[in-house]
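Residue strings, one per chain:
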Amino acid sequence: AAGVIQSPRHLIKEKRETATLKCYPIPRHDTVYWYQQGPGQDPQFLISFYEKMQSDKGSIPDRFSAQQFSDYHSELNMSSLELGDSALYFCASSLGALNEKLFFGSGTQLSVL
Amino acid sequence: GESVGLHLPTLSVQEGDNSIINCAYSNSASDYFIWYKQESGKGPQFIIDIRSNMDKRQGQRVTVLLNKTVKHLSLQIAATQPGDSAVYFCAENKATSGTYKYIFGTGTRLKVLA
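Structure report, in brief. Because the structure is predicted, anything quoted here is derived from the model rather than measured.

Rules and cut-offs
Residues numbered from 1 in each chain as written. Chains lettered and ligands numbered in written order. Predicted model: local features only at pLDDT ≥ 70, side-chain atom pairs only at ≥ 80, totals over all residues. Heavy atoms only, no water. Contact = heavy atoms within 4.5 Å. Buried area = accessible area lost by both parts, 1.4 Å probe. Polar contact = N/O pair within 3.5 Å; in protein donor to acceptor, adjacent residues only side chain to side chain. Helix = DSSP H or I, 4+ residues; strand = E, 2+ residues; numbered from the N terminus. Nonpolar A, V, L, I, M, F, W, Y, C, P; charged D, E, K, R; others polar. Pairing = 2+ DSSP bridges. Axes fitted to C-alpha atoms, helices over the stretch in contact; angles between N-to-C directions. Phe/Tyr/Trp six-rings, centres within 6.5 Å; stacked < 30°, edge-to-face > 60°. Buried < 20%, exposed > 50% of the residue type's maximum accessible area, 1.4 Å probe, protein only. Core = buried A, V, L, I, M, F, W, Y, C linked by side-chain atoms within 4.5 Å. Salt bridge = Lys/Arg side-chain N within 4 Å of Asp/Glu carboxyl O.

Here's the deal with the interface of chain B and chain A
Residue-level contacts link 30 residues of chain B with 28 residues of chain A. Contact with chain A buries area across many residues of chain B, yet Y100, Y102 and F104 of chain B alone supply 31% of it, more than any other trio. Scanning the region where chain B abuts chain A turns up 5 residue pairs in polar contact (both at pLDDT 80 or more). Of all the elements in the fold, those that place two or more residues in the side of chain B that touches chain A are β3 (32-38), β4 (45-51), β8 (86-93) and β9 (102-104) of chain B. Considering each element in turn, the side of chain B that touches chain A owes the most residues, 4 residues, to β3 of chain B. In the side of chain B that touches chain A, the residues fall into 14 nonpolar, 11 polar and 5 charged.

Below, the structure written as structure tokens:
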């Protein structure tokens, strides 16, 4: 069965650079979520989209933005990168209606040097 | 407020024993809960879910118990195997119109001893 696809798998950036993370949800899933996970920490909710509209926002810095496109894939754009942005970034998708199972991708490991 | 994990508690169990992993959730209005298993460097993997109109749900070798009175979830794993070694998280959601947001609790590291 198709899963959530994230790219790239690993990304190395310098401070103050920008990064773009991509997420392709499970086919027919219309809701996408982004999470950030530091080492030894629980995943922290960043932002979610339903039917291409922002649904909810968590602890996402103003330097980050995201959108969901017409094909339901999503991109997380990160600017003015800081050392503290180094983390695993996960995307998850679900089938629209509230309280449905979230399925996660394998994540993007971002390292800011 | 939202749950934030700072240090991961660890549960060590002998292979073949039963494991019980606990989770305290933060929002009394949450009405849907999911347990996830996460192996090192991988994304969280769905194990089992439960809605707030239930207090128990069983899967294959796993059982989730929900106590809404004290805002507590537990995951029971029967006959724990080496492959069960991972970090386990609970996640909660509240069915508010227009809100799509799952909050994770503090994870528990499960170590299975041979």
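Here's the deal with the sheet that holds strand β7 (residues 72-77) of chain B
Residues and elements named next belong to chain B. Reading across the sheet, the 4 strands line up as β2-β7-β6-β5 and stay open at both edges, with antiparallel pairing between neighbours. In this open sheet, the two strands that pair with only one neighbour each are β2 (19-24) and β5 (56-58). Strand-to-strand twist of the sheet, defined as the mean angle between neighbouring strand axes without regard to direction, takes the value 15 degrees. The sheet contact formed by β5 and strand β6 (residues 62-67) spans 3 bridges and is antiparallel. Considered in β6, the bridge of K56 is made with L65.

Digging into the packing of aromatic side chains
All names here are of chain A. Scanning the entire structure with this criterion turns up 14 aromatic pairs over all chains. Between F90 and F104 the ring centres are 6.3 Å apart and the planes differ by 85 degrees, which places this aromatic pair in the edge-to-face class. Within this pair, whereas F90 is found in strand β9 (residues 87-94), its partner F104 is found in strand β10 (residues 103-104), the two being separated by 14 residues in sequence. Across the pair, exposure class does not vary: F90 and F104 are buried alike.

Observations regarding the nonpolar core
Residues L21, W34, L76, M78 and Y89 of chain A are the most contacted members of the largest nonpolar core, which totals 22 residues. Looking at this core, the elements that each hand over two or more residues are β3 (19-24), β4 (31-37), β5 (44-50), β7 (64-68), β8 (74-78), β9 and β11 (108-112) of chain A. With 19 residues, the next largest nonpolar core counts V13, I21, C23 and L66 of chain B among its residues.

Quick notes on the pattern of salt bridges
Side chains carrying opposite charge are able to pair once their charged atoms draw close together. With the rule as written, the count across this model stands at 7 salt bridges over all chains. Note that K52 of chain A and E51 of chain A form a salt bridge whose closest N and O atoms lie 3.9 Å from each other. The exposure class of E51 of chain A is partly exposed, given its relative accessible area of 29%. A salt bridge links R61 of chain B to D84 of chain B; the shortest N-O distance between them is 2.9 Å.

Everything listed here is a matter of geometry and, on its own, says nothing about what the molecule does.
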